[in-house]
Amino acid sequence: MGKHNTDKEFEKLLAAFTAGEAGVSHCDALSDFCTSSPERGRQIADELEFSELIRQALVFHDFDSFQNDVEYRMSNELSDDLDVLEAKLHDGSATRPDLNAIARHLADDDDRAGKLRRALMFGDLFEQAATPSRHEAPFLESLSTRMWAQTNGDHFVADIESKLRLVELPEGVESDDKIVEFDAAPAAASKSRRPRKKTNGLLPAAIMGMGVAACVAVGVLLVQSGVLDGPNLVAEVTRSSSDAVWSEDEGPLSGGGIASGQIYTLESGVSSMKFKNGTELTVEGPAQVEVVDGREAILHSGIAFAKTGSFEGGFSLHSKGINLVDSGNSIGIDARSDHATEAMIFNQGTGVDVCLPGIGRCRELYQYEAIRADLDREKLLDIPYNPRVFTRTWELVAGVEKNAGSVRLELPGSFVERDRNTNLEAVQIYVENDSFRAKEDMQVDTLPTGQFAKANESDTGEALHSEGELRSYLVQLWPSQVRENTELVEATITFDHPVVGVIYSSDRLEQSDSIVGTHVGTHNHAGRGMDVGDDEILLSDDRRTMNVKLKNSGADELDHIRVLVALN
Amino acid sequence: MSSEPTSQDIFIDYVREHHAGLRAFTRSLGVDPLWVDDVAQEAFIVAYNRMDEFEKTRDFGAWVRGIARNLVINERRKSARRKRILSENLTDVLVSTTSVQEEEEEQLGDTATAKLAALRQCIAELPEKSMRMIRAKYEEDVPAPDLATELNMKPPAVRKALERIRSGLRKCMEARMRPAGA
């Protein structure tokens with residue numbers, strides 16, 4: 001046999017052997033090859049070694065499992081005292097061999113295993129009692145974040161908060177007392193000069209509870225024009241919640257003016273400052289913000305919601321571990337922790353550059369994305385989008401000043417739907433589009449002011465011609481899945497801009513969807529609009545307050561009212 | 001408006017009532033302490049998504065602990081890097097001692113909230129030095145050698161003292177849990 005044929009024959013046998021198809025005669029032949037050529041012997045050994053590596057890669061895909069298995073089998077030899085091993089388990093110093101040894105000890109001793117389980121349970125309860133990070137509140141907050149992320153933004157978050165806080169309501173505060181009255185004082189008076197509330201430790205929680213429970217429970221304070229005329233003044237406080245308290249030493253000027261190069265401390269409540277370039281920065285106290293100049297601010301602590309103006313270079317917003325440069329977006333920063341800062345984007349548009357200073361790591365964020373800067377580990381981590389923490393700032397920013405009745409302001413990113421587990425009979429308000437210009441005239445329904453009106457099929461409507469900026473809200477009552485409820489759900493909503501158009505007929509809603517460019521999801525529902533004959537709507541003479549009486553008519557009827565307000 | 005609690009209201013009540021017990025139960029199956037809350041939260045989310053299957057006559061605590069138990073069992077199938085349990089073998093042993101019978105689970109888990117409240121009271125009554133040690137260990141995560149230096153003690157003495165404090169707290173908690181006169 002020539003060398004070529006010999007090689008070919010060897011390769012054929014080796015291929016059969018490595019494929020596991022070699023019979024006895026094949027093996028004998030291979031053995032002969034090895035005897036005559038040590039090199040071929042090494043080749044076979046090499047192939048066998050490689051086959052084993054493949055097997056391990058497939059079966060023992062992680063070496064830890066293999067090692068663990070070996071250690072467990074060897075742990076019979078360990079003579080460590082179980083008490084010592086368990087003590088190590090409890091204080092967190094048990095190694096894997098220790099754990100395997102414990103398992104060996106307990107394998108045939110159910111009583112001892114049960115005792116260990118009870119000891120572990122006690123250890124965990126002990127930590128829940130003694131370790132702040134394991135208290136009830138952080139657990140529920142973390143759970144609510146996951147619920148938001150995994151259940152498509154349902155209301156578990158807000159509901160659990162209001163429930164927890166309502167439990168703590170002090171005497172004399174009614175749980176239905178949802179409306180915080182307008183504060184008639186000028187903006188500057190909402191600062192430190194306001195007498196502080198005396199609290200008994202429960203009242204802040206109650207106030208917060210009302211803030212959450214009320215859809216929008218803020219007093220809007222408009223600053224007189226001309227406040228920005230002073231030297232170094234780059235922004236002005238435009239509105240504040242009625243519980244806003246600025247620091248005595250670090251508050252805005254008496255007219256609400258904000259100067260460059262100053263640090264401002266909001267002790268409680270929510271307050272918005274508007275910059276000359278159109279950027280609106282809303283902070284929730286306790287918060288400290290440093291206004292560097294007209295296009296740059298630093299959030300040292302607290303929560304901030306920024307609607308940045310569209311201008312070249314963008315607005316720079318910094319915080320612990322995060323630098324954002326943005327133009328024309330709505331962004332939120334949560335800088336309450338010393339260990340992590342979180343940022344998220346609320347509206348669609350261009351991506352926002354988020355950078356971790358010092359090490360130059362950056363990430364572009366888009367709508368409904370969130371990121372955490374881990375300050376301890378100097379890392380940027382993607383996290384689930386959950387805007388819950390911005391509930392109060394959103395209430396101020398959304399431009400729905402106050403409400404009565406069962407009303408819920410939906411957070412950015414909420415879809416037009418109802419949680420399947422919620423038998424909610426509340427009017428929901430969505431900000432469909434925060435700011436847009438109508439490219440064409442919109443057909444709106446005819447709604448005289450100052451009197452209740454009903455949907456009328458013969459209404460020919462009217463054209464809304466607008467050249468200015470509009471904002472669109474969607475007011476909704478989701479149909480009951482459970483039953484037809486003859487009771488009317490009544491709500492009063494006050495907007496901070498005049499209402500210029502209302503759409504509640506099904507066809508006009510559909511026609512205006514694309515013009516409005518709604519961002520809150522699709523409305524795949526045949527029976528949208530107000531029910532003819534049942535639902536009623538009233539727009540006040542000043543065109544800012546709307547009262548609706550909606551009937552929950554069952555699964556096929558989705559009450560929708562589109563409200564258009566003029567921003568300028 | 002109907003004053004009947006919604007299914008979501010009921011679920012929230014369940015979470016508040018059972019989270020302490022569920023977390024402790026999860027730990028008792030050998031879950032890594034760092035992942036206990038993560039597994040417990042996952043169990044709640046599974047329960048939330050399957051509330052339609054839950055019969056209200058049953059004990060929610062036992063039901064959600066059953067879910068957690070299955071989640072822990074499933075951890076065995078994950079690669080070591082992603083596992084949230086300390087040791088497959090230990091978890092095998094500990095899981096095998098759990099019972100699906102609600103009576104036992106109730107005994108182990110459903111008193112957790114009351115135990116937690118009792119424990120908090122016991123902690124509040126600790127002498128100053130013991131309180132400092134507990135805070136250092138559980139709040140500040142101070143290593144035993146550092147704590148020993150701070151307290152002018154030897155590290156083994158610190159460990160022993162912490163053990164004694166834990167043991168004392170357990171007795172205190174159990175005493176508070178006993179009915180008056182028992």
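The structure under discussion appears in the preceding block.
A. Seen up close, the packing of aromatic side chains. According to the stated counting rule, one finds 19 aromatic pairs over all chains in the structure shown. Taking 6.3 Å as the distance between ring centres and 70° as the angle between the ring planes, the aromatic pair formed by Phe139(A) and Phe44(B) counts as edge-to-face. With Phe139(A) in helix α8 (residues 136-150) and Phe44(B) in helix α2 (residues 36-49), this residue pair bridges two chains. For the pair Phe139(A) and Phe44(B), a shared accessibility class is recorded, and that class is buried. Their ring planes at 85° and their centres at 6.4 Å tell us that Trp246(A) and Tyr264(A) sit as a pair that is edge-to-face. Of this pair, Trp246(A) sits in strand β2 (residues 245-246) while Tyr264(A) sits in strand β4 (residues 262-268); the two residues are 18 residues apart in sequence, bridging distant segments of the chain. Of the two residues examined, Trp246(A) and Tyr264(A), each falls in the buried class. The structure contains a cluster of three or more aromatic residues connected by ring pairs, namely Phe139(A), Phe11(B), Tyr14(B), Phe44(B), Tyr48(B), Phe54(B), Phe60(B) and Trp63(B).

B. Looking closely at a negative patch on the surface. Negative charge collects at one region of the surface, where Asp108(A), Asp109(A), Asp110(A) and Asp111(A) lie side by side. For Asp110(A), the position within the fold is in helix α7 (residues 110-130).

C. Molecular detail of helix α8 (residues 144-151) of chain B. Residue and element names in this part refer to chain B. Of all the residues in α8, the buried ones are Ala144, Leu147, Ala148 and Leu151. Down the axis of α8, the buried side of the element spans an arc of 105°, and every buried residue falls inside it. Those residues of α8 hidden inside the fold are in contact with α7 (128-139) and α9 (155-177). With its phi angle positive at about 60°, asparagine 152 sits one or two positions after the end of α8.

D. Inspection of the side chain of Asp559(A) at higher detail. Relative to the elements of secondary structure, Asp559(A) occurs in strand β27 (residues 559-566). Contact partners of Asp559(A), with chain neighbours within four places excluded, come to Val475(A), Gln476(A), Leu477(A), Gly529(A), Met530(A), Asp531(A), Asp535(A), Leu550(A) and Lys551(A).

E. Just the state of the cysteines, in detail. Residue and element names in this part refer to chain B. By the definition in use, this model includes 1 disulfide over all chains. Cysteine 122 shares a disulfide with cysteine 172; S-S distance 2.0 Å. Residues cysteine 122 and cysteine 172 are joined by a disulfide whose S-S torsion is about -90°; by sign, that bridge is left-handed. Linking cysteine 122 in helix α6 (residues 112-124) with cysteine 172 in helix α9, this pair joins segments that are 50 residues apart in sequence. A relative accessible area of 3% means that cysteine 122 is categorised as buried.

What counts, and at which threshold
Residues numbered from 1 in each chain as written. Chains lettered and ligands numbered in written order. Predicted model: local features only at pLDDT ≥ 70, side-chain atom pairs only at ≥ 80, totals over all residues. Heavy atoms only, no water. Phe/Tyr/Trp six-rings, centres within 6.5 Å; stacked < 30°, edge-to-face > 60°. Helix = DSSP H or I, 4+ residues; strand = E, 2+ residues; numbered from the N terminus. Buried < 20%, exposed > 50% of the residue type's maximum accessible area, 1.4 Å probe, protein only. Patch = residues over 30% accessible without salt bridge, like charges linked within 9 Å, V, L, I, M, F, W, Y side chains within 5 Å. Areas by Shrake-Rupley, 256 points an atom, 1.4 Å probe, with all protein chains shown as cover. Salt bridge = Lys/Arg side-chain N within 4 Å of Asp/Glu carboxyl O. Lys, Arg positive; Asp, Glu negative; His and termini not counted. Charge placed at Lys NZ, Arg CZ, Asp CG, Glu CD. Arc of directions from axis to C-beta. Contact = heavy atoms within 4.5 Å. Disulfide = S-S within 2.5 Å.

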